[in-house]
Amino acid sequence: MSERSERIGGHGAPGLSSGEGGLGTDLRNRFETAMMPNYGVPPVALARGEGCRVWDVDGNAYLDLIGGIAVSALGHAHPALVEAVSAQAGTLAHTSNLFVHEPGVRLAERLLGLLGGDGRVFFTNSGAEANEAAYKLVRRHAGPDRTYVVAADGGFHGRTMGALALTGKASIREPFGPFGADVRFVTYGSVDALREAVTGECAAVFLEPTQGEGGIVPAPEGYLAAARQICDEAGAALVIDEIQSGIGRTGVWFQHQREGIRPDVITLAKGLGGGLPIGACVGFGDYGTAFGKGDHGSTFGGNPIACAAALAVLDTIDKEGLLDHVTAVGEQLADGIAAAGHPLLARVRGAGLWRALVLSEPKSADVEAAARDAGFLVNAVKPDVIRVAPPLIITSGEVASFTAALPDILRKT
Ligand SMILES: *Cc1c(COP(=O)(O)O)cnc(C)c1O
């Protein structure tokens, strides 16, 4: 074990753990007073990070196995990201869309190279905005006769009104309706349900290749290919939301590439900027040129700093061979979790560095807390599912330190 990993765990020192007094408690109290209550009060106040390690404001170290929700692809304070962002901030931080800038054009070209084929890119600041752009794009392309869109139960596409209208999780959507959009939800993974729902009046189908917020639920094999065929037959657009699954998360650049399909539109965000806010909506073929001049825009979207960060992420994934690394350590992670052999752990699912620990009881909040006490940050994404989505640079030794600690974490839950 490295010197640093020895500092992980054993947060038993009284008064030091977050929530037990000290600077963290003070900051959390101020958060509660100053911030809207939509997030509750998070349990830990973080101060800094390095690689896959983060430290809270009281100096406790944690192994970060959630990476800001599948965002911090290069971990924390990666030199390539620090250098790219610093250099761009010192050169040209912002232009607005009134002017062209080189990092933006280069990033668009780079993404199109990774995706293959003839596409066009629109940059945003977030995932929800990427899906808003996609929604407007398919509406623009479809015209008024195609009156509705199809999305999946359990799906998640973001919190703004358009993206929320597409989001299948009723508990977060329904309090905010009506949406002024005809969205029809189908059972995720059912080809028959999709075939029935998609007619000549359907403008588009929105799907995640794996439902991330839904608990890392992969589509059944062949589902995306069937969706492609169904959309082709009905003349509807296939929009694949790769906001969580993309940028190497599963060991390939984009998860839909595993199925050999070509979507009409894909959306990206999360890992793309490695922690800087950037998203993208990519349209292929006709969809790349469906927006006319003036149809859409964003003041900050794809600003030079965010684009420089994304270029650093893509370059580093390439140069450090991170796709193969994700596959290898991802398998180690899944095998190590499965080997925990505790009755609370029903099974592991997911791919690459994107794994769900499916519990036999709805105790994920307790597992998350026990993991945190042991020095590991994981995420209770559903009452019976723990999500693990660490930085793509996580080492085999770091994975091993978590899987070794897991039986004890489950025992203490
Ligand atoms: C996180 C996420 C979004 C929303 O992204 P934000 O940046 O939070 O707006 C949309 N779709 C999927 C699949 C996501 O995981």
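The model shown is predicted, which means the values in this text are computed figures rather than measured ones.

1. What about the domain arrangement of the protein?
Consideration 1: Domain boundaries assigned for the protein yield domain 1 (3-78 + 321-411) and domain 2 (80-319).
Consideration 2: For domain 1 and domain 2, the distance between their C-alpha centroids amounts to 27 Å.
Consideration 3: Residue-level contacts link 29 residues of domain 1 with 31 residues of domain 2.
Consideration 4: For the pair domain 1 and domain 2, the two sides together bury roughly 2400 Å², of which 63% comes from carbon and sulfur.
Consideration 5: Summed over the three residues of domain 1 that lose the most area to domain 2, namely His78, Leu323 and Trp354, the buried surface amounts to 31% of that side.
Consideration 6: The interface formed by domain 1 and domain 2 includes 1 salt bridge.
Consideration 7: Arg387 is the partner of Glu213 in a salt bridge, and the nearest nitrogen-oxygen pair spans 2.6 Å.
Consideration 8: Joining domain 1 to domain 2, the criterion identifies 16 residue pairs in polar contact (both at pLDDT 80 or more).
Consideration 9: For the side of domain 1 that touches domain 2, the secondary structure elements donating two or more residues are helix 3 (67-70), helix 12 (322-338), strand 13 (345-351), strand 14 (354-359), strand 16 (379-382) and strand 17 (385-388).
Consideration 10: Among the elements that make up the side of domain 1 that touches domain 2, the one with the highest residue count is helix 12 (4 residues).

2. Some details on the environment of Glu331
Consideration 1: Topologically, Glu331 is positioned in helix 12.
Consideration 2: A C-alpha to C-alpha distance of 35 Å links Glu331 and Arg173, two positions 158 residues apart in sequence.

3. Looking at the UniProt feature "binding site: pyridoxal 5'-phosphate" (unreviewed entry) in the protein
Consideration 1: Per the UniProt entry, the sites bearing "binding site: pyridoxal 5'-phosphate" (unreviewed entry) are Gly127, Ala128, Phe156, Asp241, Glu242, Ile243, Gln244 and Thr299 in this numbering. On the basis of their most widely separated C-alpha atoms, the annotated residues across 173 residues do not gather in one place, lying as much as 25.1 Å apart.
Consideration 2: Relative to the helices and strands, Gln244 resides in the loop between strand 10 (237-241) and strand 11 (265-268).
Consideration 3: Not counting residues up to four positions away in its chain, the partners in contact with Gln244 are Ala70, Gly212, Glu213, Arg249, Lys270, Trp354 and Arg387.
Consideration 4: Counting through the fold element by element, Thr299 comes out in the loop between strand 12 (279-284) and helix 11 (304-319).
Consideration 5: Discounting chain neighbours no more than four positions away, the residues touching Thr299 are His94, Ser96 and Asn97.

4. Details of the sheet that holds strand 10
Consideration 1: Strand order in this open sheet of 7 strands is 4-12-11-10-7-5-6, and the pairing throughout is mixed. With one partner strand each, in any of the chains shown, strand 4 (119-124) and strand 6 (183-186) form the two edges of the open sheet. Each strand of the sheet is rotated relative to its neighbour by a mean of 20 degrees, with strand direction disregarded.
Consideration 2: Note: strand 10 against strand 11, 3 bridges, orientation parallel.

Conventions adopted
- Residues numbered from 1 in each chain as written.
- Predicted model: local features only at pLDDT ≥ 70, side-chain atom pairs only at ≥ 80, totals over all residues.
- Heavy atoms only, no water.
- Domains from an automatic or database assignment.
- Contact = heavy atoms within 4.5 Å.
- Buried area = accessible area lost by both parts, 1.4 Å probe.
- Salt bridge = Lys/Arg side-chain N within 4 Å of Asp/Glu carboxyl O.
- Polar contact = N/O pair within 3.5 Å; in protein donor to acceptor, adjacent residues only side chain to side chain.
- Helix = DSSP H or I, 4+ residues; strand = E, 2+ residues; numbered from the N terminus.
- UniProt positions renumbered as here; feature names shortened; annotations may be inferred.
- Pairing = 2+ DSSP bridges.
- Axes fitted to C-alpha atoms, helices over the stretch in contact; angles between N-to-C directions.

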